[in-house]
Amino acid sequence: MLIGLVFGTLFNSLSTFMEVLIDPNEFAKVQDKSFASFSNVNTELLWLSVVILVFVFAYAWRFIKYLDVLSLGREHAINLGLPYGFIIKRLLVIVAVLISISTALVGPITFLGLIVANVAYQVMKTYQHRYIIPSSILVSIIALAGCQLLAERVFDLSTTVSVIINFIGGVYFLYLLLRENKSW
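Every chain is numbered on its own, with residues counted from 1 as its sequence reads. Residues qualify for local features only when their pLDDT is at least 70, as the model is predicted, and side-chain atom pairs are given and counted only at 80 or more; totals for whole chains, interfaces and linings, by contrast, use all residues. Calculated side-chain values reflect all of the structure's heavy atoms, with hydrogen atoms and water omitted.

A. Fine view of the packing of helix α7 (residues 112–124) against helix α8 (residues 129–154). What counts as an axis is a line fitted to C-alpha atoms, over the stretch in contact for a helix, and the angles between N-to-C directions run from 0 to 180 degrees. The way it works is that DSSP assigns letters per residue, a run of H or I at least four long becomes a helix, a run of E at least two long becomes a strand, and they are numbered from the N terminus. The interhelical angle for the contact between α7 and α8, taken along N-to-C directions, is 125°, at an axis separation of 8 Å. Regarding the angle of α7 to α8, the classification is oblique. Where α7 crosses over α8, the two elements pack in a sense that is right-handed. Residues L112, V116, V119, A120, Y121 and M124 of α7 form the contact with α8, whose own contacting residues are H129, Y131, I132, S135, S136, V139, S140, A143 and L144. To sort the angles, those under 35 degrees are grouped as roughly parallel, those over 145 as roughly antiparallel, those from 65 to 115 as roughly perpendicular, and the leftovers as oblique. Note on convention: near helix rotated counterclockwise from far helix by under a right angle means a left-handed crossing. Clockwise means right-handed. When checking whether two residues touch, look at their non-hydrogen atoms; a contact exists if any pair is within 4.5 Å.

Here it is in structure tokens:
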């Protein structure tokens, strides 16, 4: 937690420093690129991303059956005969590729994964991945479409989807922290 605070302060200070140093128009361009935008999807990368997604999903499909066992923890997964290190390394590469594709297409969205995963767990009331993965997909579609609707109809496109998601995600993150703190 302390390391996150230190890095957050460092990056905030560097951002303020760069804002003072460079031309305001150039900084506005940099800041515009640092927020996700679903209206400015990089269409040049879209078909390449679809092809990569097909290959990644085909590769990842063989690891789906291990997810429930992996969620038991390292020791239990090893005791049940899984090659834990092998599977975890492959899954981390799969996650990194999927995140890089989404970031290349629309930009970074910080709290979307936190919102989607936790809401899917709360709605489904189970930790079985055959239910969690489809519900996560559905929750993410609803969240993105709902935030796009808010951005268009309520805020008249004066804000972006990523700002709305980051605000809601930040509030939800604080709620989760306070809820966990109460359970101690």
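Having seen the structure, we can now continue with the description.
B. Examining helix α3 (residues 46–60) more closely. Every helix has an expected span of 1.5 Å times one less than the residues it contains. Look at α3: 20 Å from first C-alpha to last across 15 residues, which is about the 21 Å you get at 1.5 Å a residue. Buried residues belonging to α3 abut α6 (84–106).

C. Summary view of the nonpolar core. In these notes, a set of buried Ala, Val, Leu, Ile, Met, Phe, Trp, Tyr and Cys residues joined through side-chain atoms within 4.5 Å is what counts as a nonpolar core. Relative accessibility decides the category of a residue: with a 1.4 Å probe and only protein chains considered, values under 20% of the type maximum give buried, values over 50% give exposed, and everything between is partly exposed. Ranked by internal contacts, the top residues of the largest apolar core, which has 13 residues, are L112, C147, V161 and I165. Those elements giving two or more residues to this core turn out to be α7, α8 and α9 (161–183). Aside from chain neighbours lying at most four places away, what touches C147 is V161, I164, I165 and I168.

D. Here's a closer look at the side chain of S49. Of note, S49 is situated in helix α3. Other than its neighbours up to four places away in sequence, S49 contacts I101 and L105.

E. Highlighting the packing of aromatic side chains. Pairs were defined over the aromatic rings of Phe, Tyr and Trp, the Trp ring being its six-membered one, requiring ring centres within 6.5 Å. Orientation was assigned from the angle between planes: stacked under 30 degrees, edge-to-face over 60, tilted for the rest. Evaluation of the coordinates by the stated rule reveals 5 aromatic pairs. With 6.2 Å between their ring centres and 40° between their planes, F111 and F173 make a pair best called tilted. Of this pair, F111 sits in the loop between α6 and α7 while F173 sits in helix α9, and the two are 62 residues apart along the sequence. The class of F111 is partly exposed, set by a relative accessible area of 23%. Owing to a relative accessible area of 33%, F173 belongs among the partly exposed residues under this scheme. Three or more aromatic residues link up through ring pairs in this structure, and these residues are Y59, F63 and F86.

F. How the structure looks around α7. Here α7 contains 13 residues, and its C-alpha end-to-end distance of 18 Å stays within 8% of the 18 Å for a straight helix at 1.5 Å per residue. What α7 keeps buried is the set L112, I115, V116 and A120. All buried residues of α7 project into a common sector of 115° when viewed along the axis, lining one side. Each C-beta atom gives one direction from the helix axis, and the arc is the one those directions make.

All quantities given are derived from atomic positions and should not be read as evidence of function.
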